[in-house]
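Each chain, letter by letter, is given below.
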Amino acid sequence: MSYKKIAFFTVVIVLLLTINDLVHSIYDIWQKQDLVVQAQKDLNTEKKENQELKKQISQVNQPQFIESQARNKLLLAKPGEDVIIVPSDQLAVTSPQSKHIDTRPNWQKWWSTFF
């Protein structure tokens, strides 16, 4: 065998190994690009959530919200006002004119409507 053939096969093997490494590098970069895209989506959702939380903070810091929470949850009143507490069993009383709820299946309701 001549030295030219040996040199040719050596160059071909080196080039094949180099191409293989380049293909693996390109594949790794594409995978990392997908990670970057996913991280960007996550960042956008977190930014939206952060904006919503900032809106809620600004609403909570308003005097009207603080007053409504004090009135509703803590049962506080302004001077000269009276707080009336209605028992929960009084709230559950239904009126005598409550509507009858029809629990029949829909096909029976339609049947009775047309026939």
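Bear in mind the structure is a predicted one, so any value in this text is a computation, not a measurement. (Residues numbered from 1 in each chain as written. Predicted model: local features only at pLDDT ≥ 70, side-chain atom pairs only at ≥ 80, totals over all residues. Heavy atoms only, no water.)

**Q** Please give an account of the overall build of the protein that cites residues and values.
**A** When helices and strands are counted, the protein shows four helices and zero strands. Ordering the α and β elements of the protein from the N terminus gives α-α-α-α. The dimensions of the protein, computed from C-alpha atoms along their principal axes, are 110 × 65 × 20 Å. Accessible surface, the protein: about 11,600 Å² in total, of which carbon and sulfur atoms supply 63%. Looking at the protein, you have 14 positive and 12 negative side-chain charges, and the mean spots of the two groups are 9 Å apart. (Helix = DSSP H or I, 4+ residues; strand = E, 2+ residues; numbered from the N terminus. Areas by Shrake-Rupley, 256 points an atom, 1.4 Å probe, with all protein chains shown as cover. Lys, Arg positive; Asp, Glu negative; His and termini not counted. Charge placed at Lys NZ, Arg CZ, Asp CG, Glu CD.)

**Q** I'd like a rundown of the packing of aromatic side chains, residues and numbers included.
**A** How two aromatic rings sit relative to each other is given by the distance of their centres and the angle of their planes. One pass over the full model with this rule turns up three aromatic pairs. Their ring planes at 10° and their centres at 5.7 Å tell us that Trp110 and Phe114 sit as a pair that is stacked. Of this pair, Trp110 and Phe114 both sit in helix H4 (residues 106–114), separated by four residues, roughly a single helical turn. When its relative accessible area of 53% is taken as the criterion, Trp110 is described as exposed. On the basis of relative accessibility, which here comes to 58%, the residue Phe114 falls in the exposed class. (Phe/Tyr/Trp six-rings, centres within 6.5 Å; stacked < 30°, edge-to-face > 60°. Buried < 20%, exposed > 50% of the residue type's maximum accessible area, 1.4 Å probe, protein only.)

**Q** Lay out the confidence of the model for the protein with the relevant residues and their values.
**A** In the predicted model, the protein carries a mean pLDDT of 87, and 91% of its residues have values of at least 70. Mean pLDDT values for the elements of the protein range from 72 in helix H3 (residues 88–91) up to 94 in helix H1 (residues 3–60). (pLDDT = per-residue confidence, 0-100.)

**Q** Describe the pattern of salt bridges, listing the residues and the values that go with them.
**A** Applying the stated criterion to the full structure yields five salt bridges. In this structure, Glu67 engages Arg71 in a salt bridge whose closest nitrogen and oxygen atoms are separated by 3.2 Å. Note that Glu67 and Arg71 are positioned in helix H2 (residues 63–72) at a spacing of four residues, about one turn of the helix. Taking the relative accessible area as the measure of exposure, Glu67 reaches 33% and is therefore partly exposed. Put simply, Glu81 and Arg71 hold a salt bridge, and the shortest N to O gap is 2.9 Å. On the criterion of sequence distance, the pair formed by Glu81 in the loop between H2 and H3 and Arg71 in helix H2 is long-range, its members being 10 residues apart. Judged by its relative accessible area of 36%, Glu81 falls in the partly exposed class. (Salt bridge = Lys/Arg side-chain N within 4 Å of Asp/Glu carboxyl O.)

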